[in-house]
Amino acid sequence: MSKLFETWYKSEIGFLKITGTTEGICGIDFTEFKKAPHNQRPDCLSDCCKQLDDYFGNSRTTFDLRLKPAGTPFQISVWNQLLNIPFGTTSTYLDVARVLGKEKAVRAVGAANGRNPIPIIIPCHRVIGSNGALIGFGGGIWRKEFLLKHEKALLL
């Protein structure tokens, strides 16, 4: 296995701990503190920080990063589908399940969405309840609400 590197990114929704290898981004975690970044880090971590700067700075609507999330084949299929939800829009857990051809797997889609190791980049915040409610975001509903408002504002 490749060496795992980490760096911290300060955003409008708190510090993000970004982990990755030379092969791609493995995770983004919401954290309340910042450690000193390591001096040596692969390009993918620097690229991720730059693209997050652009995203939060209102000049990026898509990410172009190598991603290496660890998960089951089903989880990866859900996360790949999340990448297809257009910027500034939302989808429901049922919509995602239907696209995957697994309409009865709504709860499994929700569970996979909740285990997304690379939030923001893999936009799990764009998935809402069938009734339009903002539910199920590991970083807190306030962050989900911020990200959705941020994206919708860029489209105006």
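Our structure's up above, just so we're on the same page.
Here the residue numbers are simple positions, counted from 1 along each chain's written sequence. A pLDDT threshold of at least 70 governs which residues receive local features in this predicted model, and a stricter bar of 80 or more applies before side-chain atom pairs are shown or counted, although totals over entire chains, interfaces and linings include all residues. With hydrogens and water stripped out, all remaining heavy atoms of the structure feed into the side-chain values.

## What to know about the layout of surface pockets
Moving on, step 1. Counted as a void, the largest pocket has a volume near 190 Å³.
Moving on, step 2. Any residue with an atom within 4 Å of a point lines the site, the site being either a cavity, points on a 1 Å grid over the protein atoms alone where a 1.4 Å probe fits but cannot get out, or a pocket, an open set with protein on both sides within 12 Å along at least 5 of 7 lines. Taken together, 14 residues form the lining of the largest pocket, with T62, F63, L83, I121 and R126 sitting closest to its centre. Grid points are joined across faces, edges and corners, and a volume is the space filled by probe spheres set on the points.

## Comments concerning the pattern of salt bridges
Moving on, step 1. The term salt bridge refers to a pairing of a side-chain nitrogen on Lys or Arg with a carboxyl oxygen on Asp or Glu at a separation within 4 Å. A complete count under the given rule lists seven salt bridges for this structure.
Moving on, step 2. Residue R143 pairs with E32 through a salt bridge whose shortest N-O separation is 3.4 Å. Placement of R143 in helix α5 (residues 141–155) and of E32 in the loop between β3 (24–31) and α1 (43–56) is noted, with a sequence separation of 111 residues between them.
Moving on, step 3. A 1.4 Å probe rolled over the protein chains alone gives each residue an accessible area, and that area as a share of the maximum for its type sets the label: buried under 20%, exposed over 50%, partly exposed in between. Under the relative-accessibility criterion, E32 is labelled exposed at 67%.
Moving on, step 4. For D54, the salt bridge is made with R60, and the minimal N-O distance between the two is 3.5 Å. The way it works is that DSSP assigns letters per residue, a run of H or I at least four long becomes a helix, a run of E at least two long becomes a strand, and they are numbered from the N terminus.

## Here's the deal with unusual backbone geometry
Backbone phi values are negative for most residues with the exception of glycine, while trans is the configuration of most peptide bonds.
Moving on, step 1. Despite not being glycine, N58 shows a phi value in the positive range, around 70°.
Moving on, step 2. Here N58 is to be found in the loop between α1 and α2 (73–82).
Moving on, step 3. A relative accessible area of 45% means that N58 is categorised as partly exposed.
Moving on, step 4. At I120, a residue that is not glycine, the phi angle is positive and equals roughly 75°.
Moving on, step 5. Structurally, I120 can be placed in the loop between α4 (106–114) and β5 (127–128).

## Focus: the environment of K152
Moving on, step 1. Residue position: K152 is located in helix α5.
Moving on, step 2. The partly exposed category is assigned to K152, whose relative accessible area is 42%.
Moving on, step 3. Distance in space between the C-alpha atoms of K152 and S130 is 19 Å, their sequence separation being 22 residues.

## Some details on the side chain of Q51
Moving on, step 1. Within the fold, Q51 resides in helix α1.
Moving on, step 2. Contacts described as polar in this section are N or O atom pairs within 3.5 Å, which, within protein, must combine one atom able to donate a hydrogen with one able to accept it, while residues neighboring in sequence count only if both atoms come from side chains. A distance of 2.8 Å separates a polar atom in the side chain of Q51 from the backbone nitrogen of D64.
Moving on, step 3. Throughout, a contact is declared for two residues whenever any of their heavy atoms are within 4.5 Å. Contact partners of Q51, with chain neighbours within four places excluded, come to R60, F63, D64 and L65.

## Thoughts on the side chain of T19
Moving on, step 1. Relative to the elements of secondary structure, T19 occurs in strand β2 (residues 14–21).
Moving on, step 2. T19 has contacts with L4, F5, E6, I25, C26, G27 and L45, leaving out every residue within four places of it along the chain.

## Things to note about α1
Moving on, step 1. The terminal C-alpha atoms of α1, which comprises 14 residues, lie 20 Å apart, in line with the 20 Å expected from a rise of 1.5 Å per residue.
Moving on, step 2. Buried within α1 are the following residues: C44, L45, C48, C49, Q51, L52, D54, Y55 and F56.
Moving on, step 3. Taken together, the buried residues of α1 touch β1 (5–11), β2, β3 and α5.
Moving on, step 4. Backbone geometry just downstream of α1 places N58 in the positive-phi region, at approximately 70°. A helix is expected to reach a length of 1.5 Å times the quantity of its residues less one.

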